[in-house]
Amino acid sequence: MTIRRWLPTSLLMVLALLLSACGEDVTYRDAQAVIPPLQGAGNFLGYSSIETKRTVCGNCHSGKQASWEQTAHARAWSDGAKSPGWSAACEGCHTVNARGNLSTEPTVGYLGAKNARYYDVQCESCHGPGLTHVSNPDAANKPLAPIAVDTALTYGCGECHSGAHTPFVEEWRSSNHSRIIESRNTNPSCNTCHDAKEVLKGWGVKSVFIEQESPGKYMAVTCVVCHDPHSAKNKGQLRFPMDVADVDENLCMRCHHKRGVPDPTSTRGPHSPEGPLLLGEGGWFPPSMATQVGQIRGAHGSDRNPKLCATCHVSGYQVTDAAGKFTFASTGHSFQAIPCVGANGLPDGRRDCTLQERSFRACVTCHLTETSARSALTAAEARLDRLGEEVIALALKAPASAFNTTDNKTTTAEGAKFNGELALKAGSAVHNPFLVEALVLASIKQLEIDYGIKASGAVSLTPQIKP
């Protein structure tokens, strides 16, 4: 990172010492010292150059400044002003002020100064007023941004990314990403996907945020886990791309790929196997099975679906009333592919509704109608449920010695049981029913080859799920 000189010499010495401890390179140039805030803006500094969009913060944090310039936040004012619905009510979320940060002053920044110096969503929108730190920079007064979000908070992303037009936080609140499962906090391997702080740490994110001051406090997976406030490297300011068919590079699959194949040291079944299934890599492949890993992807994991997980799980839409007037915009941030909806067509946050009460809007990207998509899911689920129950029952007839967590291998009985559990797992009938059916049928055949265990005859062993 390049640090530019615009502070008195004594302060530069302090700054240099602080940054050298972080291993950062420091360079200097002569510039105006502290650029004071405008009257009415409180301690918010805004731009040092409106024309070049150089923030006062960016005079030192040039790396962050350069990447932020490419984000939608840097165009918040101009993009908003182009909207036909633009009004004074929009200004609070398209400028620097107390929204998004810990400031409690109602009219500061643009709302107090009414000056273009505070246009756009700048550094201080999240980090808060920078005057104190700029005047005497040290670690103690460094303005940190929060990463917590919720519908009741008066700071963070939710202060702007909410409401009928942009209900990101309201929908996130109804998602599993918002759930805090305290039991996961005792298992480090769970924390890497279930605790926001540990996810960011595991992904090599160096940014420091307020909640790091509360060690051990478990945090749900919030906006900044998936979105990078400082970078537009990926579409939607995502930390990783969505259109890459690789469990190590695809944003969703970086977590949604755990135990997609059997663990020879454990009796536990599949856990979050969606990524490997989608790519044709999940499950146990019996030795006699002709199909190889990756050969059966199905439409959802093929080139016909370039957005992969996001096509179904982040599908937004608008709802209008009988007169065609706007009512609500779903952002898709409940992450439910087929969310429960009420009679008015709005997602209602329920998780226990029937298939008839679920919206299949996201499915019509490929399926002709919602009805045809619902029928295909119903048929696939019924088929996999029967196969899953059959193969598990057969696998449990194998000798007890076939189930061993100390031999460092997956036996036919263990693999067949795993495939049965995969067939019964919610979502398998969507993510890759073709592969799961093939795996279970091959497992039933392998059980007979290795142990002489024959199928009951209650379930057809002829493939029925067609691509």
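Provided above is the structure to which this section pertains.
The structure displayed is predicted, hence computed values, not measured ones.

Here's the deal with the overall build of the protein chain
Here is step 1: A count of helical and extended segments in the protein chain gives 16 helices and four strands.
Here is step 2: Taken over the C-alpha atoms alone, the protein chain extends approximately 85 × 60 × 35 Å along its principal axes.
Here is step 3: Looking at the 467 residues of the protein chain, the share that counts as buried comes to 43%.
Here is step 4: Partitioning the intrachain contacts of the protein chain with sequence separation of at least 6 by distance along the chain shows that 59% fall at a separation of at least 24.
Here is step 5: Distance between charge centroids for the protein chain: 2 Å, based on 44 positive and 44 negative side chains.

Comments concerning the pairing of strand β3 (residues 317-320)
Here is step 1: Only one face of β3 is buried: it carries Tyr 317 and Val 319, and the other face, with Gln 318 and Thr 320, is open.
Here is step 2: Linkage of β3 to strand β4 (residues 326-330), two consecutive antiparallel strands, is achieved through a turn of five residues, within which Gly 324 is found at a positive phi near 85°.

Side note on the layout of surface pockets
Here is step 1: The space that makes up the second largest pocket amounts to roughly 310 Å³.
Here is step 2: Taken together, 19 residues form the lining of the second largest pocket, with Ala 148, Val 149, Ile 180, Lys 217 and Met 219 sitting closest to its centre.

A short note on the state of the cysteines
Here is step 1: Under the counting rule described, the total for this entry stands at three disulfides.
Here is step 2: One disulfide in the model links Cys 193 with Cys 255; its S-S distance is 2.2 Å. Its S-S torsion of about -105° marks the bond between Cys 193 and Cys 255 as left-handed, since a negative value means left-handed. Pair noted here: Cys 193 is in helix α8 (residues 188-194) and Cys 255 is in the loop between α10 (223-226) and α11 (274-278), with a separation of 62 residues, a long-range link. With respect to class, Cys 193 is no different from Cys 255; both count as buried.
Here is step 3: Across the disulfide, Cys 340 is cross-linked to Cys 353 (sulfur-sulfur distance 2.0 Å). Taking the sign of the S-S torsion, -90° for the link of Cys 340 and Cys 353, the bridge is left-handed. Separated by 13 residues along the polypeptide, Cys 340 in the loop between β4 and α13 (370-395) and Cys 353 in the loop between β4 and α13 bring together distant segments of the chain.
Here is step 4: We classify Cys 353 as buried; its relative accessible area is 10%.
Here is step 5: Sequence-ordered numbering of the bonded cysteines in the protein chain gives a pairing of 1-2, 3-4, 5-6.
Here is step 6: In this model Cys 57 remains outside any disulfide bridge; the closest cysteine sulfur is found in Cys 123, 4.2 Å from its own.
Here is step 7: In this model Cys 312 remains outside any disulfide bridge; the closest cysteine sulfur is found in Cys 363, 5.6 Å from its own.

Focus: the side chain of Ser 302
Here is step 1: Within the secondary structure, Ser 302 sits in the loop between α11 and α12 (309-313).
Here is step 2: Within polar-contact distance, the side chain of Ser 302 engages the backbone oxygen of Ala 299 at 2.9 Å.

Concerning the nonpolar core
Here is step 1: Val 391, Val 436 and Val 440 are the most contacted members of the largest nonpolar core, which totals 35 residues.
Here is step 2: When residues of this core are traced back to their parent elements, those giving at least two are α13, α14 (412-424) and α16 (433-451).
Here is step 3: Contacts of Val 391, omitting those with residues within four sequence positions, involve Ala 416, Gly 420, Val 440, Ser 443, Ile 444 and Leu 447.
Here is step 4: Judged by nonpolar contacts, the second largest core, of 23 residues, contains Ile 147, Val 199, Cys 226 and Ala 310.

Regarding the pattern of salt bridges
Here is step 1: The full count for this structure, using the stated rule, is nine salt bridges.
Here is step 2: Measuring nitrogen to oxygen at the nearest pair gives 3.2 Å for the salt bridge that ties Glu 91 to Lys 114. Of this pair, Glu 91 sits in the loop between α3 (76-81) and α4 (110-113) while Lys 114 sits in the loop between α4 and α5 (123-127), placing them 23 residues apart in sequence.
Here is step 3: Look at Glu 91 and you get buried, because its relative accessible area is 12%.

Observations regarding the packing of α13 against α14
Here is step 1: Packing of α13 against α14 brings their axes to within 8 Å, and their N-to-C directions diverge by 155°. When the interaxial angle is binned, α13 and α14 end up roughly antiparallel. When you trace α13 past α14, the crossing you get is left-handed. Contacts from Leu 384, Asp 385, Gly 388, Glu 389, Val 391, Ile 392 and Ala 395 in α13 reach Ala 413, Ala 416, Lys 417, Gly 420, Glu 421, Ala 423 and Leu 424 in α14.
Here is step 2: For the contact of α13 with α14, the class distribution of residues is eight nonpolar, two polar and four charged.

Side note on the packing of aromatic side chains
Working definition: an aromatic ring pair is given by the centre-to-centre distance plus the angle between the planes.
Here is step 1: For the coordinates displayed, the defined rule picks out six aromatic pairs.
Here is step 2: Pairing Trp 77 with Tyr 119 gives two aromatic rings, centres 3.8 Å apart and planes at 10°, and the pair type is stacked. With Trp 77 in helix α3 and Tyr 119 in the loop between α4 and α5, this pair connects stretches of sequence that are 42 residues apart.
Here is step 3: A ring pair is formed by Tyr 110 and Tyr 119, whose centres lie 5.8 Å apart and whose planes are at 50°; its orientation type is tilted.
Here is step 4: Look at Tyr 110 and you get buried, because its relative accessible area is 7%.
Here is step 5: Overall, the relative accessible area of 24% leaves Tyr 119 in the partly exposed class.
Here is step 6: Among the aromatic side chains, those forming a connected cluster through ring pairs are Trp 77, Trp 86, Tyr 110 and Tyr 119.

Structural notes on the environment of Cys 126
Here is step 1: Along the chain, the position of Cys 126 falls in helix α5.
Here is step 2: Considering only alpha carbons, one finds Cys 126 and Asp 407, 281 residues apart in sequence, at a separation of 52 Å.
Here is step 3: Each residue touching Cys 126, except ones within four places of it in the same chain, is listed here: Gly 100, Asn 101, Leu 144, Ala 145 and Pro 146.

Comments concerning the packing of α14 against α16
Here is step 1: Remark: α14 packs on α16, axes separated minimally by 9 Å, with the N-to-C direction vectors making an angle of 155°. With respect to each other, α14 and α16 are oriented roughly antiparallel. The interaxial crossing formed by α14 with α16 has left-handed handedness. Contacts between α14 and α16 involve Thr 412, Ala 413, Ala 416, Asn 419, Leu 422 and Ala 423 from the first element and Val 436, Leu 439, Val 440, Ser 443, Gln 446, Leu 447, Asp 450 and Tyr 451 from the second.

Calculation rules
Residues numbered from 1 in each chain as written. Predicted model: local features only at pLDDT ≥ 70, side-chain atom pairs only at ≥ 80, totals over all residues. Heavy atoms only, no water. Helix = DSSP H or I, 4+ residues; strand = E, 2+ residues; numbered from the N terminus. Buried < 20%, exposed > 50% of the residue type's maximum accessible area, 1.4 Å probe, protein only. Contact = heavy atoms within 4.5 Å. Lys, Arg positive; Asp, Glu negative; His and termini not counted. Charge placed at Lys NZ, Arg CZ, Asp CG, Glu CD. Pairing = 2+ DSSP bridges. 1 Å grid on protein atoms, 1.4 Å probe; cavity = no way out; pocket = protein on both sides within 12 Å on 5 of 7 lines; lining within 4 Å. Points joined across faces, edges and corners; volume = space filled by probe spheres on them. Disulfide = S-S within 2.5 Å. Polar contact = N/O pair within 3.5 Å; in protein donor to acceptor, adjacent residues only side chain to side chain. Core = buried A, V, L, I, M, F, W, Y, C linked by side-chain atoms within 4.5 Å. Salt bridge = Lys/Arg side-chain N within 4 Å of Asp/Glu carboxyl O. Axes fitted to C-alpha atoms, helices over the stretch in contact; angles between N-to-C directions. Parallel < 35°, antiparallel > 145°, perpendicular 65-115°, else oblique. Left-handed = near helix turned anticlockwise from the far one by under 90°. Nonpolar A, V, L, I, M, F, W, Y, C, P; charged D, E, K, R; others polar. Phe/Tyr/Trp six-rings, centres within 6.5 Å; stacked < 30°, edge-to-face > 60°.

Structural measurements only, silent on function.
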